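Structural overview for review
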Amino acid sequence: MVADRVLAGLILLSVLLAALGVVHARRWAARRKNPGRAALRLLPYLAPGLALVLLPELLSVVFAGRRGTFGQILYVWPGVVGWLGAATLCALVVVVARVRVLVSGRQRPRREESAETTGVVAWGSESG
């Protein structure tokens, strides 16, 4: 089915975006000065999990009030449940990575900015 291929593409896109979010977590945290605003910036990551939990109710609205269980939805269209599950896990991984960097304090200094080195290269033997 075309819809299942689209959902598989969305799962792959979710995983790739989560990987980018984890890689850039330190840069994201460095730009956040106010922890309260940083927490507000993380709230949209709850949307996939909320949609997954409320999926039977959401589909009852779409299908004119017909009630279905989560198991029935999983049986009829496992791709949607798989995509929402993958998106929820990806969002959780990104949130944990960003919160871990925020809680750990300031980011670690880079190697050339550490206390041991100043970025100036001094050669072992200077010929003069």
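Nothing here was measured: the structure is a model prediction, and the numbers come from that model.

Thresholds, definitions, all that
Residues numbered from 1 in each chain as written. Predicted model: local features only at pLDDT ≥ 70, side-chain atom pairs only at ≥ 80, totals over all residues. Heavy atoms only, no water. Axes fitted to C-alpha atoms, helices over the stretch in contact; angles between N-to-C directions. Helix = DSSP H or I, 4+ residues; strand = E, 2+ residues; numbered from the N terminus. Parallel < 35°, antiparallel > 145°, perpendicular 65-115°, else oblique. Contact = heavy atoms within 4.5 Å. Nonpolar A, V, L, I, M, F, W, Y, C, P; charged D, E, K, R; others polar. 1 Å grid on protein atoms, 1.4 Å probe; cavity = no way out; pocket = protein on both sides within 12 Å on 5 of 7 lines; lining within 4 Å. Points joined across faces, edges and corners; volume = space filled by probe spheres on them. Buried < 20%, exposed > 50% of the residue type's maximum accessible area, 1.4 Å probe, protein only. Patch = residues over 30% accessible without salt bridge, like charges linked within 9 Å, V, L, I, M, F, W, Y side chains within 5 Å. Areas by Shrake-Rupley, 256 points an atom, 1.4 Å probe, with all protein chains shown as cover. Salt bridge = Lys/Arg side-chain N within 4 Å of Asp/Glu carboxyl O. Lys, Arg positive; Asp, Glu negative; His and termini not counted. Charge placed at Lys NZ, Arg CZ, Asp CG, Glu CD. Expected span 1.5 Å × (residues − 1). Arc of directions from axis to C-beta.

**Some words on the packing of helix α1 (residues 2-23) against helix α7 (residues 78-103)**
At their nearest, the axes of α1 and α7 sit 9 Å apart, and the two run at 5 degrees to each other. For the element pair α1 / α7, the angle class is roughly parallel. Residues Leu7, Leu10, Ile11, Ser14, Val15, Ala18, Gly21 and Val22 of α1 form the contact with α7, whose own contacting residues are Gly79, Val80, Gly82, Trp83, Ala86, Ala87, Cys90, Val93, Val94, Ala97 and Arg98. Taken together, the residues that form the contact of α1 with α7 break down as 14 nonpolar, 4 polar and 1 charged.

**Here's the deal with the layout of surface pockets**
By volume, the second largest pocket is sized at about 210 Å³. In terms of lining, the second largest pocket is formed by Pro56, Leu59, Ser60, Phe63, Arg66, Arg67, Gly68, Gln72, Ile73, Val76 and Trp77. Those elements giving two or more residues to the lining of the second largest pocket turn out to be α5 (55-62) and α6 (70-76). Taken together, the residues of the lining of the second largest pocket break down into 6 nonpolar, 3 polar and 2 charged.

**A word on the side chain of Ser60**
Assignment of secondary structure puts Ser60 in helix α5. Leave out the neighbours within four places in its chain, and Ser60 touches Gly65, Arg66 and Arg67.

**With respect to the environment of Val23**
Relative to the helices and strands, Val23 resides in helix α1. Judged by relative accessible area, Val23 falls into the exposed class, the value being 63%.

**Remarks on a positive patch on the surface**
Together, Arg27, Arg31, Arg37 and Arg41 line one region of the surface with positive charge. With respect to the helices, strands and loops of the structure, Arg31 is situated in the loop between α2 (25-30) and α3 (35-42). The class for Arg31 is exposed, based on a relative accessible area of 52%.

**Here we look at α1**
The end-to-end C-alpha distance of α1 is 32 Å, a good match for the 32 Å that 22 residues give at a rise of 1.5 Å each. Those residues of α1 lying buried are Leu7, Ser14, Ala18 and Gly21. Down the axis, α1 shows its buried residues gathered within 60 degrees of arc, on one side only. Relative to its buried face, α1 has exposed residues pointing more than 90 degrees away, namely Val2, Arg5, Leu12, Leu16 and Val23. Those residues of α1 hidden inside the fold are in contact with α2 and α7.

**Observations regarding the pattern of salt bridges**
Within this structure, the stated rule accounts for 1 salt bridge. With a closest N to O distance of 3.9 Å, Glu57 and Arg67 form a salt bridge. Of the two residues, Glu57 sits in helix α5 while Arg67 sits in the loop between α5 and α6, which places them 10 residues apart along the sequence.

On their own, these measurements won't tell you what the molecule is for.
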